[in-house]
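# Fold and contact review
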Amino acid sequence: MARALARSGWATDIGMRELNEDAYLADSPVFLVSDGMGGYAAGEVASQTAVRCFRPLTGYEFVTGEQLEATIADAAREVDALAHADKTPGCTLSGIVLSRQGKFPCARVFNIGDSRTYHLSGAGFSQVTRDHSEVQKLVDAGRLSVEEARYSRYRNVITRALGARSGPSVRADTFLLPLNMGDRFVICSDGLSGSVREEEIAEIARYMEDTKETAETLVQRALGAGTTDNVTVVVVDILDCAPQWEYSDSNGITVSAAPRSARDDTVPRQLRG
């Protein structure tokens, strides 16, 4: 019988804004961050609406691929329905749900927009998600370096979101990762990733033990770096899980991004190197 035990900690700060438009959920088996989009009216309503759609999943031991798909679809519809007159609220969404692949415990990582999910394991620290933003497109095209993207005038332009005229159906990127005891996930709004370099996030995530203190330290590091944005961080530690996968992180093996339908009959492919 598959099992997974997680511990989480979180922190959020308004930054230099008049309102904190970030929202989060950290209640096993669901851990996520949603960032109300700046420049749109009622961004905080959009992010809170998205989070509310995920609350019915809390209390389950695991979330299936079908449940995750259905919940993301519900969030897209409900945030889109907030639009009226001159108000078109929008938000990002990123996080993980604890799930199973056959008999093995895994994490289903999902993402819409430029909030991020990072993964720390025996294989190292990596950004699992990929931003849906104009600067990411420019980086992918070789027109901007990662460092230049941090200061680009396009850094706040989002290319995919819930709401914000995106319609009632929005595709999320989904990824399937095997869970191992000792894994850590860092989920954050761009108030962190836009102001603190990945190497520094990785160092804090790697050497701090307590999840709450880690989240608080990352938020304070973003504020110290001069961010003017809201900052929200959720840190998730996998304390125990079984059965163990037949291959380990020490071999540098990860699992590929799942296709658009992240269902339970999707078999992970091992990618080496």
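Our structure is the block above this text.
Attention in this report is confined to the structure presented alongside it. Everything numeric in this text was worked out from a predicted model, so none of it was measured.

### Concerning the sheet that holds strand E1 (residues 3–13)
The 5 strands lie next to each other as E1-E12-E11-E7-E8, forming an open sheet whose pairing is antiparallel. Lying at the two open borders of the sheet, with one neighbouring strand each, are E1 and strand E8 (124–127). Across the sheet, the mean angle from the axis of one strand to that of its neighbour is 15°, orientation sign disregarded. Bridge count for strand E11 (residues 184–188) against strand E12 (residues 231–242) is 5 bridges, and the pairing is antiparallel. What sits directly across from Arg-184, in E12, is Asp-237. Against the sheet, helix H6 (residues 198–207) contacts strand E7 (116–121), E8 and E11, and its axis sits at roughly 130° relative to E8. Together, E1, E11 and E12 form the strand contacts of helix H7 (residues 211–224), whose direction differs from that of E1 by roughly 30°.

### With respect to the environment of Thr-214
Structurally, the position occupied by Thr-214 is in helix H7. Sequence separation of Thr-214 and Ile-201 is 13 residues, and the distance between their C-alpha atoms is 9.8 Å. Beyond its immediate sequence surroundings of up to four residues, Thr-214 is in contact with Arg-184, Ile-204, Ala-205, Met-208, Glu-209 and Val-235.

### Some words on the packing of H6 against H7
It is the contact of H6 with H7, at a shortest axis distance of 10 Å, that shows an interaxial angle of 155°. Overall, the two elements H6 and H7 adopt an arrangement that is roughly antiparallel. Crossing angle aside, the handedness with which H6 passes H7 is right-handed. From H6, Glu-200, Ile-201, Ile-204 and Ala-205 reach across to H7, where they touch Thr-214, Thr-217, Leu-218 and Arg-221. Each residue belonging to the contact of H6 with H7 can be placed in one class, and the counts come to 4 nonpolar, 2 polar and 2 charged.

### A short note on the sheet that holds strand E2 (residues 22–27)
An order of E2-E3-E5-E6-E10 is seen for the 5 strands of this open sheet, with the pairing classed as antiparallel. Edge positions in the sheet fall to E2 and strand E10 (173–178), since each of these pairs with one other strand and no more. Here the strands of the sheet are splayed against their neighbours by 15° on average, with no regard to which way each runs. Of the pairings in the sheet, the one linking strand E6 (residues 104–112) to E10 comprises 6 bridges and is antiparallel in character. Across the sheet, residue Phe-110 finds its bridge partner in E10, namely Thr-174.

### A word on helix H1 (residues 43–54)
Helix length check: H1 (12 residues) gives 18 Å between terminal C-alpha atoms against 16 Å at 1.5 Å per residue, within 8%. Within H1, 9 of the 12 residues are buried, which leaves the element mostly enclosed by the surrounding structure. Taken as a whole, H1 has its buried residues at Gly-43, Glu-44, Ala-46, Ser-47, Thr-49, Ala-50, Val-51, Cys-53 and Phe-54.

Thresholds, definitions, all that
Residues numbered from 1 in each chain as written. Predicted model: local features only at pLDDT ≥ 70, side-chain atom pairs only at ≥ 80, totals over all residues. Heavy atoms only, no water. Pairing = 2+ DSSP bridges. Helix = DSSP H or I, 4+ residues; strand = E, 2+ residues; numbered from the N terminus. Axes fitted to C-alpha atoms, helices over the stretch in contact; angles between N-to-C directions. Contact = heavy atoms within 4.5 Å. Parallel < 35°, antiparallel > 145°, perpendicular 65-115°, else oblique. Left-handed = near helix turned anticlockwise from the far one by under 90°. Nonpolar A, V, L, I, M, F, W, Y, C, P; charged D, E, K, R; others polar. Expected span 1.5 Å × (residues − 1). Buried < 20%, exposed > 50% of the residue type's maximum accessible area, 1.4 Å probe, protein only.

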